[in-house]
Amino acid sequence: MKGDFLPFFAGHTEAIPLYEALEARILDQLPDTTVKGSKTQLSFYNRHLFACVSFARVRKKKDCPPVYIVVTIGLNRRLDSPRIDVATEPYPSRWTHHLLLSEESEIDDELMGWIREASDFAAAKR
């Protein structure tokens, strides 16, 4: 993780190892990925944005674990999984999915398959 990403984690430093595990797995499986940071999110790009990490509120505060990150991916279809906290269709056939992760074990093959699918979907855009 780049040092300039630290402002993103202000107030959430305990989530850094979880983010680092996700970033490592994404960069290992999708080596042409670029990561850009801002105060509100860390974004993963190929030619286009395909995933991001934030602390967006996708659950009521009382339902959030003490340590978590929110992963957002864009696909051309709606995922039907209990792991998805929020799914919206901002444009026809363009679905945005938000997943709350609180443990490294949740960075599994299923999640990485969705992230690869999001990367492929973004790369195919004009």
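## Regarding the packing of aromatic side chains
Throughout the structure, instances matching the rule amount to six aromatic pairs. For the pair Phe9 and Phe55, a centre-to-centre distance of 6.2 Å together with 75° between the ring planes defines the contact as edge-to-face. Of this pair, Phe9 sits in the segment before helix 1 (16–29) while Phe55 sits in the loop between strand 3 (49–54) and strand 4 (69–75), and the two are 46 residues apart along the sequence. The class for Phe9 is buried, based on a relative accessible area of 0%. On the basis of relative accessible area, Phe55 is assigned to the buried category, the value being 16%. Ring geometry for Tyr19 versus Phe44: centroids 6.3 Å apart, planes at 35°, classification tilted.

## Examining the pairing of strand 6 (residues 94–101)
Across the eight residues of strand 6, six count as buried, placing the element largely inside the fold. Two elements, strand 4 and strand 6, share seven bridges in a ladder whose sense is antiparallel. Counted as the bridge partner of Val70 is Leu100 from strand 6. Hairpin connection from strand 5 (residues 86–91) to strand 6: two residues lie between these consecutive antiparallel strands, with Ser93 at a positive phi of about 60°.

## What about the packing of helix 1 against helix 2 (residues 109–123)?
The contact between helix 1 and helix 2 brings their axes to 11 Å, and the two run at 55°. In this view, helix 1 runs oblique relative to helix 2, as classed from their interaxial angle. Helix-helix and strand crossings are classified by hand; for helix 1 and helix 2 the assignment is right-handed. In this structure, helix 1 contributes Leu22, Arg25, Ile26 and Gln29 to the contact, and helix 2 contributes Asp109, Leu111, Met112, Ile115 and Arg116. Split by residue class, the contact of helix 1 with helix 2 holds five nonpolar, one polar and three charged.

## Focus on the layout of surface pockets
As a volume, the largest pocket reaches approximately 270 Å³. Lining the largest pocket are 17 residues, and of these Leu49, Ile73, Gly74, Thr96 and Lys125 lie nearest its centre. The class makeup of the residues in the lining of the largest pocket is twelve nonpolar, three polar and two charged. Of the residues assigned to the lining of the second largest pocket, the class counts are seven nonpolar, two polar and three charged.

Calculation criteria
Residues numbered from 1 in each chain as written. Predicted model: local features only at pLDDT ≥ 70, side-chain atom pairs only at ≥ 80, totals over all residues. Heavy atoms only, no water. Phe/Tyr/Trp six-rings, centres within 6.5 Å; stacked < 30°, edge-to-face > 60°. Helix = DSSP H or I, 4+ residues; strand = E, 2+ residues; numbered from the N terminus. Buried < 20%, exposed > 50% of the residue type's maximum accessible area, 1.4 Å probe, protein only. Pairing = 2+ DSSP bridges. Axes fitted to C-alpha atoms, helices over the stretch in contact; angles between N-to-C directions. Parallel < 35°, antiparallel > 145°, perpendicular 65-115°, else oblique. Left-handed = near helix turned anticlockwise from the far one by under 90°. Contact = heavy atoms within 4.5 Å. Nonpolar A, V, L, I, M, F, W, Y, C, P; charged D, E, K, R; others polar. 1 Å grid on protein atoms, 1.4 Å probe; cavity = no way out; pocket = protein on both sides within 12 Å on 5 of 7 lines; lining within 4 Å. Points joined across faces, edges and corners; volume = space filled by probe spheres on them.

What is shown is where atoms sit, not what they do.
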